[in-house]
Amino acid sequence: MNIPYTNLPRLVIIGGGFAGVALARKMVKEDVQLVLLDRHNYHTFQPLLYQVSTASLEPDSIAYPLRKIVKKGKNTFFRMAEVTAIDPDTQFVHTNIGSVSYDYLVIATGARTNFFGNTTIENNAMRMKNLPQALNLRSLMLENLEQAVITTDLEKRKELLRFVLAGAGPTGVELAGGIAELKLNVLPKDYPDMDFDDMEIHLIEGAPRVLPPMSEHASEKATKFLKKLGVHIHTNTQVKNYENNLVTTTTDLSLKTATFIWSAGVTGAPVTGIKAASLIPRANRYKVNEFNQIDGYDTVFAIGDISVMQTKDYPKGHPMVAQPAIQQGGHLAKNLKRHIRGKSMIPFSYFDKGSMATIGRNKAVVDIGKFKFGGFFAWFVWMFIHLWFLVGFRNRFVTFFNWVYNYINYDKAARLIVRPFKNKKDTIERV
């Protein structure tokens with residue numbers, strides 16, 4: 001990997017997501033040699049991926065170069081690499097570009113889409129966990145619209161204009177709202193010769209209500225907002241299959257659609273080499289103690305979505321969202337500094353800052369402790385929080401400018417097919 005020898009402790013971080021970046025930013029100026037590995041050369045602000053998919057933002061608005069994060073240190077290195085295995089006995093990380101030894105290893109590989117073993121859905125459905133997938137989804141939706149405007153087959157047109165989403169968590173709700181906003185405010189101007197009464201948006205959820213992780217108040221508000229936007233909601237319904245453009249479910253509901261989006265769950269993205277006893281099989285996440293050390297290892301840590309820290313308040317581990325990842329990354333940095341200096345580490349304690357989801361223009365829901373509210377103020381809070389956590393001033397400025405432009409003009413400027421969607425195999429995720 002062309003990384004120089006050093007007498008300093010070498011810290012290797014696998015993954016440039018929220019957890020890995022939070023840790024790296026706190027360690028770049030410490031007396032360690034920091035090596036950050038990721039198969040992309042950028043950090044993605046995943047909460048806004050749906051806005052790339054729905055043409056509200058360009059990808060560079062929510063992406064930040066990882067080299068700009070590590071360049072602030074004198075002994076810091078970034079390598080764009082795909083990790084293939086870890087050897088804890090020899091303390092080496094093996095990748096597709098070579099191997100590197102470590103004194104401290106932090107696994108922050110995050111999560112990937114969970115299809116619960118249904119390979120047919122995995123092979124045919126769209127998903128949205130990274131920027132290439134978000135761009136694929138945007139291209140497919142726009143290409144289907146272009147096909148719909150020229151076809152004379154009415155049933156085929158309805159199939160092209162029908163959007164079906166499986167999973168009504170925050171991602172599914174926000175994406176359904178974003179597509180509905182396109183239908184109401186943008187597409188009729190772009191396609192004046194097409195009747196958008198034929199366009200349908202269906203949101204399917206296995207639980208009794210949308211936004212199951214949030215409060216019932218948030219669920220009721222979100223349901224009201226989605227129905228007002230014209231979204232068809234199907235609760236207590238699970239998708240069984242998607243093949244030949246046909247979605248089948250556990251009820252009598254079946255839908256023909258050229259755009260089927262899977263947002264029904266996530267699973268951890270583990271790395272080969274850690275002993276099986278340290279992994280929770282169903283979740284594919286590593287068991288860690290209160291210091292984020294992986295069960296059975298002293299110098300191998302896991303943070304963010306890939307880790308499960310079981311506590312009295314969180315018996316199944318912390319939520320697989322950005323805040324636990326950011327907090328664990330920052331806290332582990334403090335503990336690594338203490339460990340290197342021979343001091344005892346401090347247990348991690350998660351501070352729940354609440355949950356939120358946006359459904360569209362002036363519509364969002366927020367749960368912060370006992371405070372639960374929705375509507376314009378919640379939308380404003382959602383917008384402020386997401387701008388605040390975007391990495392880099394340019395990202396904040398460009399995103400804010402796009403949002404103001406969209407708000408004033410009822411427009412989305414990123415309706416470009418810059419990379420045509422060719423086949424669904426392009427969306428397959430690799431660890």
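Reading the values: rules and limits
Residues numbered from 1 in each chain as written. Predicted model: local features only at pLDDT ≥ 70, side-chain atom pairs only at ≥ 80, totals over all residues. Heavy atoms only, no water. Helix = DSSP H or I, 4+ residues; strand = E, 2+ residues; numbered from the N terminus. Rg over C-alpha atoms; globule rule 2.2 N^0.38 Å. Buried < 20%, exposed > 50% of the residue type's maximum accessible area, 1.4 Å probe, protein only. Contact = heavy atoms within 4.5 Å. Lys, Arg positive; Asp, Glu negative; His and termini not counted. Charge placed at Lys NZ, Arg CZ, Asp CG, Glu CD. Pairing = 2+ DSSP bridges. Patch = residues over 30% accessible without salt bridge, like charges linked within 9 Å, V, L, I, M, F, W, Y side chains within 5 Å. Areas by Shrake-Rupley, 256 points an atom, 1.4 Å probe, with all protein chains shown as cover. Salt bridge = Lys/Arg side-chain N within 4 Å of Asp/Glu carboxyl O. Expected span 1.5 Å × (residues − 1). Bend = angle between axes of the 7 residues up to and from the residue. Axes fitted to C-alpha atoms, helices over the stretch in contact; angles between N-to-C directions. Phe/Tyr/Trp six-rings, centres within 6.5 Å; stacked < 30°, edge-to-face > 60°. Polar contact = N/O pair within 3.5 Å; in protein donor to acceptor, adjacent residues only side chain to side chain. Left-handed = near helix turned anticlockwise from the far one by under 90°. Nonpolar A, V, L, I, M, F, W, Y, C, P; charged D, E, K, R; others polar. Core = buried A, V, L, I, M, F, W, Y, C linked by side-chain atoms within 4.5 Å.

Asks: How should I be thinking about the overall build of the protein chain in this particular structure?
Replies: Looking only at helices and strands, the protein chain has eleven helices and 25 strands in total. For 431 residues, the compact-globule formula gives about 22 Å, and the C-alpha radius of gyration of the protein chain, at 22 Å, lands near that figure. Each of the three principal axes of the protein chain carries a C-alpha extent, and together these read 70 × 45 × 45 Å. In the protein chain, which comprises 431 residues, the share counted as buried stands at 54%. Once local pairs closer than 6 in sequence are excluded, the contacts in the protein chain between residues at least 24 apart make up 65%. Each charge sign in the protein chain was given a centre, from 53 positive and 38 negative side chains, and these centres are 7 Å apart.

Asks: Just checking my understanding: could you explain the pairing of strand β17 (residues 259–262) for this structure?
Replies: Every regular strand shows the same layout, with side chains that alternate between the two sheet faces. The side-chain alternation of β17 yields two buried faces, one formed by T259 and I261 and the other by F260 and W262. The sheet contact formed by strand β11 (residues 162–166) and β17 spans four bridges and is parallel. Along β17, the bridge assignment pairs A166 with W262.

Asks: Looking at this model, I keep getting lost on a nonpolar patch on the surface. Mind explaining?
Replies: A contiguous nonpolar patch, built from F376, F377, F380, F384 and W388 and spanning about 620 Å² of accessible area, is present on the exposed surface. Considering the arrangement of structural elements, one finds F377 in helix α10 (residues 376–389).

Asks: Before we go on, may I ask you to explain helix α7 (residues 170–190) in this structure?
Replies: Turn by turn, an α-helix covers 3.6 residues, leaving residues three or four places apart pointing in a common direction. Between its first and last C-alpha atoms α7 spans 28 Å; for 21 residues at 1.5 Å apiece the expected length is 30 Å, and the two agree. Of all bends in α7, the biggest is about 45°, found at K183. Among the 21 residues in α7, 15 count as buried, and that is most of the element.

Asks: Could you clarify how one ought to interpret the sheet that holds strand β6 (residues 83–87) in this entry?
Replies: Hydrogen bonds between backbone groups are what pair the strands of a sheet, and the pairing can be parallel or antiparallel. Spatially, β6-β7-β8 is the arrangement adopted by the three strands of the open sheet, whose pairing is antiparallel. Pairing within the sheet leaves two strands with one partner each, and these edge strands are β6 and β8 (98–101). Sheet twist, expressed as the average angle between the axes of neighbouring strands with direction ignored, equals 20°. Two strands pair when backbone bridges link them, and β6 and strand β7 (residues 92–95) are joined in this way by four bridges, in the antiparallel orientation. Following the sheet pairing, V83 is matched in β7 by T95.

Asks: Honestly, the packing of aromatic side chains in this entry has me stumped. Any pointers?
Replies: Geometry of an aromatic ring pair is reported as the spacing of the ring centres plus the angle between the planes. A complete count under the given rule lists eight aromatic pairs for this structure. Measuring from ring centre to ring centre gives 4.8 Å for Y242 and F260, while their planes differ by 40°; the resulting arrangement is tilted. Of this pair, Y242 sits in strand β14 (residues 239–243) while F260 sits in strand β17, and the two are 18 residues apart along the sequence. In this structure, Y242 and F260 share a single accessibility class: buried. Note on F260 and W262: the rings are 6.4 Å apart at their centroids and 65° apart in plane angle, and the pair reads as edge-to-face. For the residue pair F260 and W262, the accessibility class agrees, reading buried in each case.

Asks: How do you make sense of the sheet that holds strand β15 (residues 246–249) when you look at a structure like this?
Replies: With respect to topology, three strands assemble into an open sheet ordered β14-β15-β16, the strand pairing being antiparallel. The sheet is open, and its two edges are formed by β14 and β16 (254–256), each paired on a single side. Direction aside, the axes of adjacent strands within the sheet are offset by 15° on average. One ladder, built from four bridges, connects β14 with β15; its direction is antiparallel. Its bridge partner being in β15, V239 is matched across the sheet by T249.

Asks: Looking at this structure, how should I read the pattern of salt bridges?
Replies: Between side chains of opposite charge, a pair can form when the charged atoms approach closely. If you walk through the whole model with that rule in mind, you get six salt bridges. R341 is the salt-bridge partner of E30, the closest N and O atoms lying 3.3 Å from each other. With E30 in the loop between α1 (18–27) and β2 (33–38) and R341 in the loop between α9 (322–340) and β23 (355–360), the pair connects residues that are 311 residues apart, well separated along the chain. Overall, E30 belongs to the partly exposed group, its relative accessible area being 22%. Because the salt bridges share partners, they merge into one network encompassing E30, K337 and R341.

Asks: Even after reading the chapter, I still don't get the environment of R341, so can you show me in this structure?
Replies: By relative accessible area, R341 is classed as exposed at 51%. Sequence-wise, R341 and G16 are 325 residues apart; in three dimensions their C-alpha atoms are separated by 26 Å. Polar side-chain contacts of R341 include one of 3.3 Å to the side chain of E30.

Asks: I keep staring at the packing of α1 against α9 and nothing clicks. Help me out?
Replies: Two measures define how a pair of helices packs: the angle their axes make with one another and the distance between the axes. With their axes 7 Å apart at the nearest point, α1 and α9 run at an angle of 35° to one another. Pair α1 / α9 crosses with right-handed handedness. Every residue of α9 that contacts α1 at F18, A19, A22, L23, K26 and M27 is listed here: A322, A325, I326, G329, G330, L332, A333, L336 and K337. Tallied by class, the residues present in the contact of α1 with α9 amount to eleven nonpolar, two polar and two charged.

Asks: Is there a simple way to explain the nonpolar core in this structure?
Replies: Nonpolar side chains in soluble globular proteins tend to be buried together. Core analysis: the biggest nonpolar cluster contains 93 residues, and L23, L48, V106, L203 and L336 have the highest contact counts within it. With nine residues, helix α5 (residues 131–150) is the largest single contributor of residues to this core. In contact with L203, other than residues within four places in its own chain, are L165, G167, A168, G172, V173, A176, V210, L226, V231, H232, I233 and H234. Membership of the second largest hydrophobic core comes to 26 residues, among which are I14, L37, F77 and I294.

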